[in-house]
Amino acid sequence: MLVLAMPLMLTSCEDIFDDIFGEWSRPSQKTPDSTDPEKKPEEKTAATISYATASVSKTFGDADFINDLTNTGDGAVTYSSSDPAVATIDATTGLVSIKGNGITTITATVADGEKFTYATKTATYTLGVGTAAMTVTATGYTGTYDGAAHGITVTVATPDGATVKYGTAAGSYSLTASPTYTDAGSYTVYYEVTKAGYTTFTGSATVEIAKKAATISFAESSVSKTFGDADFTNKLTNSGDGAVTYESSNTAVAEVNASGLVSIKGNGDVTIKATVTDGKNYTYATKSVSFALGVGTPTMSVTATGYNDVYDGNAHGITVNVASPSGATIKYGETEGNYDKTSSPTYTDAGNYKVYYQVTKDGYTTFTGSATVVISKKAGTISFPSATSEHINDDNAFQIKATITGDGTITGYSSSNINVATVDKNGTVTIVSTGTAIITATAQDGKNYKYSPNSATYTLTVKGGGLNNPSKYGNGGDPF
């Protein structure tokens with residue numbers, strides 16, 4: 001009861017005091033505040049903001065950056081970019097991110113702080129963003145005509161995703177792939193490399209295709225004919241694309257047309273010449289060839305047959321048949337103009353041999369010619385006795401030799417896995433460990449035999465389980 005009554009007593013005392021002395025005599029209870037005209041506000045200190053540099057130069061693709069801002073007071077700073085297409089800036093941190101090429105103004109704006117004030121509340125700097133350079137190389141082509149199409153190769157090391165276009169004239173890039181060229185010549189290919197934010201790169205490279213070497217040759221270096229014989233052609237082999245023209249040294253003896261067809265006009269000797277000009281893709285070191293044509297009186301009827309077959313160990317020569325006249329003399333030689341043999345020289349070994357012959361008889365025009373003996377190499381074989389061989393890992397070295405037919409030689413043996421087995425030049429195999437290895441023998445062509453394929457193999461399988469080979473381990477066959 002006492003605690004509850006005390007406030008009532010206090011309140012009653014205040015009322016009593018006011019009743020006795022009046023309200024005007026109570027002590028003042030006014031609390032000072034900021035509007036008190038007698039109290040002056042505290043003055044703020046002057047402060048400034050400024051950037052470290054008034055301008056910054058960057059290249060498109062550079063990393064984010066901050067141009068340091070000095071703030072001498074406590075005011076809060078916010079940041080902005082005049083052109084976000086060039087660069088954006090974090091409004092709080094001032095971190096700048098480059099977005100494109102161009103120029104933008106970066107502005108820092110400060111507000112008065114609690115203790116500092118700013119006469120100039122902005123600071124700026126100019127940011128210039130330039131285009132980035134590319135790393136580009138171009139490779140042309142230099143070679144001899146091969147019938148294939150060739151162009152240039154453009155390699156863009158940086159940046160990724162660049163667009164490369166090509167053209168055949170500078171400034172015109174309408175092709176998405178390099179133009180290619182097949183015919184001999186010198187060609188310049190132009191290219192343009194583009195990507196947004198990078199300086200456009202242009203250049204050129206050259207495709208150089210040289211003419212290929214070619215030859216012309218007549219099948220026969222000399223031809224004998226008789227007046228009245230039919231028109232003929234001495235076959236001309238042209239390995240290129242040059243145009244050929246023909247001419248006769250004596251049109252009274254023989255004429256030749258544009259196709260090389262020879263027409264006999266009289267008796268005597270004449271030279272038929274073929275002349276070639278460089279073609280589009282071929283060039284000729286020797287541009288003319290000729291053959292001698294002898295046109296005589298009706299004389300001999302002679303044919304010569306060569307030989308063309310595979311080596312058989314026999315001797316082969318040419319056969320000359322004189323249909324008319326009878327009793328003619330035939331001589332042979334291994335060089336043109338030298339006929340010192342009464343029978344055809346013969347050949348046994350593989351090769352290509354030209355035999356020359358001369359047919360004579362008094363009152364007849366001498367007949368000369370040639371035929372060829374072609375002996376091709378015979379097919380030989382190389383083989384092992386078996387396609388497989390199995391051993392255990394403690395077996396001694398063993399030999400399985402390959403068998404070769406013909407006159408070729410075995411040049412050596414090899415193992416596909418020397419960790420399983422090795423093999424020496426004689427085919428002796430030394431086991432190293434368990435596993436599988438392919439043992440190969442290789443043959444070399446001989447004088448009269450060729451080998452295709454030129455190797456034989458067998459599969460060696462080495463299994464475990466053998467540890468009791470005295471000759472391999474010693475100590476009674478105990479490897480330990």
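Everything discussed here concerns the structure shown above.
Let us look at the structure shown here. The numbering scheme is per chain: residues are counted from 1 as the chain's sequence reads. The predicted origin of the model limits local features to residues at a pLDDT of at least 70 and limits the giving and counting of side-chain atom pairs to 80 or more, whereas totals for whole chains, interfaces and linings rest on all residues. Computation of side-chain values: all heavy atoms of the structure, hydrogens and water removed.

1. Quick notes on the overall build of the protein
From N to C terminus, the protein includes 2 helices and 43 strands. Buried residues in the protein amount to 31% of all 480 residues. Each accessible area is a Shrake-Rupley estimate made with a 1.4 Å probe; only the visible protein chains count as cover when residues are assessed. Summed over all atoms, the accessible surface of the protein reaches about 27,600 Å², with 50% contributed by carbon and sulfur. Each helix is a run of H or I in the DSSP string that is no shorter than four residues. Each strand is a run of E no shorter than two, and both are numbered from the N terminus. For every residue, the accessible area obtained with a 1.4 Å probe (protein chains only) is divided by the maximum for its type, and the residue is called buried under 20%, exposed over 50%, and partly exposed between those limits.

2. Considering the sheet that holds strand E14 (residues 163–167)
Strand order across the open sheet formed by 4 strands is E12-E16-E15-E14, with mixed pairing between neighbours. What marks the edges here is a single partner per strand, and that holds for strand E12 (141–144) and E14. Averaged over neighbouring strand pairs, the angle between their axes works out to 20 degrees when direction is ignored. Where E14 lies against strand E15 (residues 185–194), 5 bridges are found, and the strand directions are antiparallel. Pairing of Tyr 166 across the sheet is with Tyr 191, part of E15. Strands pair, by our definition, only if DSSP identifies at least two bridges between them. To obtain each axis, a line is fitted to C-alpha atoms, and for helices this fit is confined to the stretch in contact; angles are then taken between N-to-C directions over 0 to 180 degrees.

3. Here we look at unusual backbone geometry
Cis geometry is found at the peptide bond from Thr 158 to Pro 159, where omega equals 0 degrees. Counting through the fold element by element, Pro 159 comes out in the loop between strand E13 (153–158) and E14. Following Ser 452, the chain continues into Pro 453 via a peptide bond in cis, with omega recorded as 10 degrees.

4. Focus: the layout of surface pockets
Any empty space left between the atoms is revealed when a probe the size of a water molecule rolls over them. The distinction between a cavity and a pocket rests on a 1 Å grid over the protein atoms alone: a 1.4 Å probe fits inside a cavity but cannot get out, while a pocket stays open yet meets protein on both sides within 12 Å along at least five of seven lines, and a residue with an atom within 4 Å of a point counts as lining. Grid points are joined across faces, edges and corners, and a volume is the space filled by probe spheres set on the points. The space that makes up the largest pocket amounts to roughly 260 Å³. Looking at the largest pocket, it is lined by 17 residues, and the ones nearest its centre are Glu 220, Ser 222, Val 223, Tyr 357 and Phe 367. Broken down by secondary-structure element, the contributors of at least two residues to the lining of the largest pocket are strand E19 (222–226), strand E27 (301–305) and strand E32 (367–376). Grouping the amino acids of the lining of the largest pocket by side-chain chemistry returns 6 nonpolar, 8 polar and 3 charged. Under this grouping Gly is polar, as are all residues other than the nonpolar Ala, Val, Leu, Ile, Met, Phe, Trp, Tyr, Cys and Pro and the charged Asp, Glu, Lys and Arg.

5. Some remarks on the packing of aromatic side chains
Each aromatic ring pair is characterised by the separation of its centres together with the angle its planes make. The pairing test for Phe, Tyr and Trp rings, Trp by its six-membered ring, is centres within 6.5 Å, and the orientation test on the planes gives stacked under 30 degrees, edge-to-face over 60, and tilted for anything in between. Tallying each qualifying case throughout the model produces 12 aromatic pairs. Taking 5.5 Å as the distance between ring centres and 70 degrees as the angle between the ring planes, the aromatic pair formed by Tyr 145 and Tyr 282 counts as edge-to-face. With Tyr 145 in the loop between E12 and E13 and Tyr 282 in strand E25 (residues 282–284), this residue pair connects regions lying 137 residues apart in the sequence. On the basis of relative accessible area, Tyr 145 is assigned to the buried category, the value being 17%. Residue classification places Tyr 282 among the buried residues on the basis of a relative accessible area of 16%. Ring geometry for Tyr 347 and Tyr 353: centres 4.0 Å apart, planes at 5 degrees, overall stacked. Overall, the relative accessible area of 11% leaves Tyr 347 in the buried class. Connected via pairs of aromatic rings, a cluster forms that spans Phe 218, Phe 232 and Phe 291. Either the NZ atom of lysine or the CZ atom of arginine qualifies as a charge over a ring when it sits within 6 Å of the ring centre and within 35 degrees of the ring normal. Positioned over the ring face of Phe 65 is Lys 58, at 4.6 Å from the centre of the ring. Positioned over the ring face of Phe 232 is Lys 225, at 4.5 Å from the centre of the ring.

6. Re the sheet that holds strand E36 (residues 398–399)
Pairing is antiparallel across the open sheet formed by 3 strands, whose spatial order is E36-E40-E39. Across the chains shown, the open sheet's two edge strands, defined by having one partner strand only, are E36 and strand E39 (421–423). Two strands pair when backbone bridges link them, and E39 and strand E40 (residues 428–431) are joined in this way by 3 bridges, in the antiparallel orientation. For Val 423, the partnering residue across the bridge sits in E40 and is Val 429.

7. Topic: the environment of Asn 234
Mapped onto the elements of the fold, Asn 234 is located in the loop between E19 and strand E20 (236–238). Separated by 12 residues in sequence, Asn 234 and Ser 222 place their C-alpha atoms 9.1 Å apart. Residues are treated as being in contact if the distance between any of their heavy atoms lies within 4.5 Å. Sequence-distant contacts of Asn 234, that is, excluding residues within four places in its chain, are made with Phe 218, Ala 219, Glu 220, Val 223 and Phe 291.

8. A short note on the pairing of strand E41 (residues 435–444)
Pairing of strand E38 (residues 409–415) with E41, which is carried by 6 bridges, proceeds in the antiparallel orientation. Bridging from a neighbouring strand, Gly 412 pairs with Thr 442 of E41.

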